[in-house]
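Per-entry structural report
As a plain string of letters, each chain reads:
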Amino acid sequence: MLSLKLPRLLSINQVPKGYREQGILFGYRPPRSSAADCLLSVFQMTNETLNIWTHFVPAWYFVWTLVGRLQGPGGQEDPHAWPLLAYLLTCCIYPLASSCAHTFSTMSTRTRHICYFFDYAALSMYSLGSALAYSAYIFPAEWVNSTFHHCYVPIAVFNTVISTSLSCYSRFLEVERPRFSKASRMLAFVYPYLFDSIPLFYRFYLCAVESCTEAAILVHYKHTVFAFLTCFIFASHLPERLAPGHFDYIGHSHQVFHVCGIISTHFQMEAIMMDMAERHGRLLPTSLLPSSLQTLGSMGICVAVSLAVIGLCSMSLRFMPEPLQR
């Protein structure tokens with residue numbers, strides 16, 4: 001262990017174009033690092049270090065929450081709990097996938113793309129997990145058992161497939177058309193979020209028009225504010241865009257994006273649990289809840305299709321030339 005050396009860091013002009021981040025001038029890891037170098041870099045201050053830890057640590061908080069629900073009263077035996085458990089599982093997976101992607105993304109260009117393919121697929125699955133929980137616990141009373149309610153989860157499954165496909169495809173445009181690639185990736189995740197939130201936005205509207213006494217609404221407001229803040233930070237590249245080189249290691253937009261995203265997920269989880277406790281058995285009788293088979297079926301379909309998309313995109317990477325390192 002004493003003979004191991006930390007990877008040498010590079011400047012923006014020393015890495016290929018696909019590795020460069022706007023406003024980040026220093027702290028890049030070598031683009032052809034070994035797996036051991038990538039793991040060592042987790043304990044070295046690079047421009048990716050906090051990207052890794054800001055998702056790795058919260059992932060275990062969500063794992064702890066999921067285990068607590070599984071071991072709590074009812075657990076998986078409670079028919080009302082299956083959508084929540086599926087949602088919590090996706091909350092565990094997406095930050096872990098992101099942390100792994102940031103850790104091993106400098107092994108090679110192809111490995112970098114594949115790592116982020118899995119990252120995007122995990123985010124898309126999180127969108128589906130949110131839709132399953134929303135369908136079971138947060139739908140307005142007058143929408144329960146409506147046509148939209150019955151179509152809500154199938155549409156969310158379709159959105160998940162489209163989100164994974166579009167976000168993975170956007171990586172092929174990253175070097176030649178970076179702005180279009182970024183816009184495609186944002187659309188891939190913003191659209192499913194907006195669709196999933198339609199029942200929640202309607203509840204916000206009702207609370208604005210009528211008196212609202214539901215405690216969960218305030219927490220939903222907090223989740224929504226942080227969700228839009230997350231999107232804004234991802235799109236704006238602030239603050240490093242205003243002061244290139246000053247936020248290379250601490251405080252750049254992707255770190256803030258991670259933190260805001262995790263806080264948003266935390267408030268979303270708390271609000272869903274509050275709605276579940278307050279509305280348990282009142283809005284959705286067991287006959288209208290997604291069964292364990294339906295929940296696992298929806299998740300299974302999306303996992304299978306996402307893996308197929310990742311496999312197809314990974315095979316297509318063979319036709320992309322490996323950029324030369326200066």
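For the protein, the name recorded in an unreviewed UniProt entry is MPRGB protein, with Fregata magnificens as its organism. Turning to the protein, the UniProt annotation filed under Subcellular location (unreviewed entry) states: "Membrane". Note on the protein: under the UniProt heading Sequence similarities (unreviewed entry), the record states "Belongs to the ADIPOR family."

This part covers the state of the cysteines. Per the stated rule, a full pass over the model turns up zero disulfides. Counting only cysteine sulfurs, Cys115 is the nearest neighbor of Cys100, a cysteine outside any disulfide, at a range of 8.0 Å.

We now examine the side chain of Arg203. Structurally, the position occupied by Arg203 is in helix H7 (residues 198-209). Within the structure, the side chain of Arg203 is placed 3.2 Å from the backbone oxygen of Ile138, a separation counted as a polar contact. Side-chain polar atoms of Arg203 contact the side chain of Glu214, separated by 3.2 Å. Residues contacting Arg203, with those up to four places away along its chain left out, are Ile138, Pro140, Glu214, Ile217, His220, Asp275 and Arg279.

Evaluated as defined, the whole model comprises five salt bridges. With a closest N to O distance of 4.0 Å, Arg112 and Glu21 form a salt bridge. Of the two residues, Arg112 sits in helix H4 (residues 109-137) while Glu21 sits in the loop between strand S1 (10-11) and strand S2 (26-28), which places them 91 residues apart along the sequence. Owing to a relative accessible area of 38%, Glu21 belongs among the partly exposed residues under this scheme. Among the salt bridges present, the one from Arg203 reaches Asp275, with a minimum N-O distance of 3.0 Å. With Arg203 in helix H7 and Asp275 in helix H9 (residues 253-279), this residue pair connects regions lying 72 residues apart in the sequence. For Arg203, a relative accessible area of 3% gives the class buried. Here the residues in one salt-bridge network are Arg171, Glu174 and Arg185, joined through shared partners.

Another aspect to go through is helix H5 (residues 147-170). Between the first and last C-alpha of H5 there are 34 Å, a value that for 24 residues agrees with the 34 Å anticipated at 1.5 Å per step. Of all the bends in H5, the greatest reaches close to 30° and is centred on Val153; the proline Pro154 follows between one and four positions later. Those residues of H5 that sit buried are His149, Tyr152, Val153, Ala156, Val157, Asn159, Thr160, Ser163, Thr164, Ser167, Cys168 and Ser170.

What follows deals with the environment of Leu123. Take Leu123: it is sitting in helix H4. According to the relative accessible area criterion, Leu123 is partly exposed, its value standing at 24%. Apart from residues no more than four positions distant in its own chain, Leu123 is found in contact with Tyr94 and Phe189.

Looking at the element boundaries, Gly251 is found in the loop between helix H8 (215-236) and H9. For Gly251, a relative accessible area of 24% corresponds to the partly exposed category. In sequence terms Gly251 and Asn47 are 204 residues apart; their C-alpha atoms lie 9.8 Å from each other. In contact with Gly251, other than residues within four places in its own chain, are Pro239 and Val256.

Rules used in this analysis
- Residues numbered from 1 in each chain as written.
- Predicted model: local features only at pLDDT ≥ 70, side-chain atom pairs only at ≥ 80, totals over all residues.
- Heavy atoms only, no water.
- UniProt positions renumbered as here; feature names shortened; annotations may be inferred.
- Disulfide = S-S within 2.5 Å.
- Helix = DSSP H or I, 4+ residues; strand = E, 2+ residues; numbered from the N terminus.
- Polar contact = N/O pair within 3.5 Å; in protein donor to acceptor, adjacent residues only side chain to side chain.
- Contact = heavy atoms within 4.5 Å.
- Salt bridge = Lys/Arg side-chain N within 4 Å of Asp/Glu carboxyl O.
- Buried < 20%, exposed > 50% of the residue type's maximum accessible area, 1.4 Å probe, protein only.
- Expected span 1.5 Å × (residues − 1).
- Bend = angle between axes of the 7 residues up to and from the residue.

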